[in-house]
Amino acid sequence: MAARKEEFLDIGGTEVRISSPDKIVFPEPGLTKLDVVRYFLAVSDGALRGAGGRPMVLKRFVKGIDQEAFFQKRVPENHPEFIDTATLQYARGTSAEEAVIRDAAGLAWVVNLGCLDLNPHPVRAEDLDHPDELRVDLDPMPGVDWSQIVDVAMVVREVLDDVGLVGWPKTSGSRGLHVLVRVAPRWTFGDVRLAAETLAREVENRAPGLATARWWKEERGESVFVDFNQNAKDRTVASAYSIRPLPDARVSTPLGWDEVRDRRPEEFTALTVPGRYAEIGDPHAGIDDAVGTLDGLLALAAELGPAEKPPRAGDGAGRRASTMPLIEIARTKTKPEALDALEQWRAQHPSISGMLHPADVLVDGMRGSSSLWYRVRVNLQHVPEAERPAQGELLADYDPWAGKTWPGRPTP
């Protein structure tokens with residue numbers, strides 16, 4: 001049977017066109033594009049609780065989950081009338097008119113564009129300057145198991161309780177956990193980020209060795225990073241019920257606190273979550289009724305004082321000087337290329353490779369102009385100083401900015 005070119009769905013009285021409905025999106029479970037749309041319709045109330053009414057960056061997987069997504073801030077010019085928009089001013093001085101979805105038809109529309117994980121900003125379209133959500137991203141370093149992530153999450157809950165706030169946990173859809181906190185839209189992005197950083201510092205104070213608030217990856221060791229910078233103005237995270245681009249179609253799933261210790265991220269996929277949702281509903285159903293104040297965290301920020309800042313390099317460029325013996329291996333366009341470069345380096349330095357701890361290998365996805373690129377570094381802290389290889393030429397040197405121009409900047 002020939003693949004269909006399109007299908008039209010009636011969603012709450014709104015007709016939504018789905019192009020290439022039979023296209024396979026997740027080969028392992030055999031999920032088509034139409035299956036993905038139907039998944040989101042099955043959990044639409046919960047997904048909209050996380051992403052509805054907020055401007056969002058469109059993270060589009062138009063070439064499949066095994067290829068890098070591209071990030072589209074500006075809403076397509078030919079968007080339908082049922083898609084609202086809001087114009088965001090970015091920290092670097094640019095602006096973008098972004099999509100705002102408000103109903104299940106809007107969910108289907110963004111999925112048709114190739115969006116799997118939804119990336120809303122922490123503000124409502126009606127007030128773009130005052131976030132109403134503080135986001136705690138518990139990001140485990142290599143070598144950290146689920147039980148340690150859960151232990152840190154419980155400390156997060158304890159700190160939030162001490163300052164009069166309610167946290168709502170969900171799996172990230174990858175290895176970590178997110179804890180969402182609704183706050184009154186009275187504070188600026190800078191205030192919310194300071195509150196989140198203060199929370200992270202206090203969690204580290206209460207769980208040293210298990211959790212860290214250190215922003216620089218090479219300084220974290222085998223701990224859970226309480227990522228406060230997800231609250232910076234230009235940042236977004238995958239919202240509740242997003243499908244992540246993993247082979248099993250794993251879902252970022254809201255949990256009750258009583259589930260956090262016993263459940264595992266791999267349990268929750270686009271195949272299993274609709275049944276769970278139909279049976280128990282959305283564990284985050286009460287999140288909008290639990291709006292709190294940042295007064296407690298901001299008072300704690302004043303008590304703790306300014307966070308320690310890294311020293312600056314002496315070359316006058318203003319760059320920070322790492323306290324760790326780092327060497328850079330490669331910069332690549334894709335993650336497979338990055339991992340290939342790492343294996344090439346390991347083959348060249350087998351004895352050094354054997355001394356590395358899991359957290360010493362740093363493969364970082366870096367945000368480019370419209371997509372991710374990858375940087376590979378090695379922390380030689382566990383290698384005797386006399387045996388540490390010097391920084392050499394990069395095994396791959398991809399430039400994500402090559403050929404890019406920006407308004408107001410001279411062309412190189």
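Residues numbered from 1 in each chain as written. Predicted model: local features only at pLDDT ≥ 70, side-chain atom pairs only at ≥ 80, totals over all residues. Heavy atoms only, no water.

Draft legend 1. Spotlight on the confidence of the model for the protein. The pLDDT averaged across the protein works out to 89; a share of 93% of its residues lies at or above 70. Below pLDDT 50 for its whole length, residues 408-412 participates in one contact with residues either more than four positions away or in separate chains. (pLDDT = per-residue confidence, 0-100. Contact = heavy atoms within 4.5 Å.)

Draft legend 2. Quick peek at the pairing of strand β14 (residues 224-227). Judged by which residues are buried, β14 turns out to be covered on both faces: Val224 and Val226 on one side and Phe225 and Asp227 on the other are all buried. For strand β10 (residues 133-140) and β14, the ladder comprises four bridges, and the chain directions are antiparallel. Within β14, the residue paired with aspartate 137 across the bridge is aspartate 227. Where strand β13 (residues 211-212) and β14 come together, two bridges link them in parallel fashion. (Buried < 20%, exposed > 50% of the residue type's maximum accessible area, 1.4 Å probe, protein only. Helix = DSSP H or I, 4+ residues; strand = E, 2+ residues; numbered from the N terminus. Pairing = 2+ DSSP bridges.)

Draft legend 3. Expanded view of the sheet that holds β14. If you walk across this open sheet you meet the five strands as β11-β12-β10-β14-β13, and the pairing is mixed. Unpaired on one side and paired on the other, β11 (168-171) and β13 mark the two borders of the sheet. One ladder, built from four bridges, connects β11 with strand β12 (residues 177-182); its direction is antiparallel. Bridging across to β12, threonine 171 finds its partner in leucine 177. On the sheet, helix α5 (residues 189-206) packs against β10, β13 and β14 and is oriented at approximately 40° with respect to β10. (Axes fitted to C-alpha atoms, helices over the stretch in contact; angles between N-to-C directions.)

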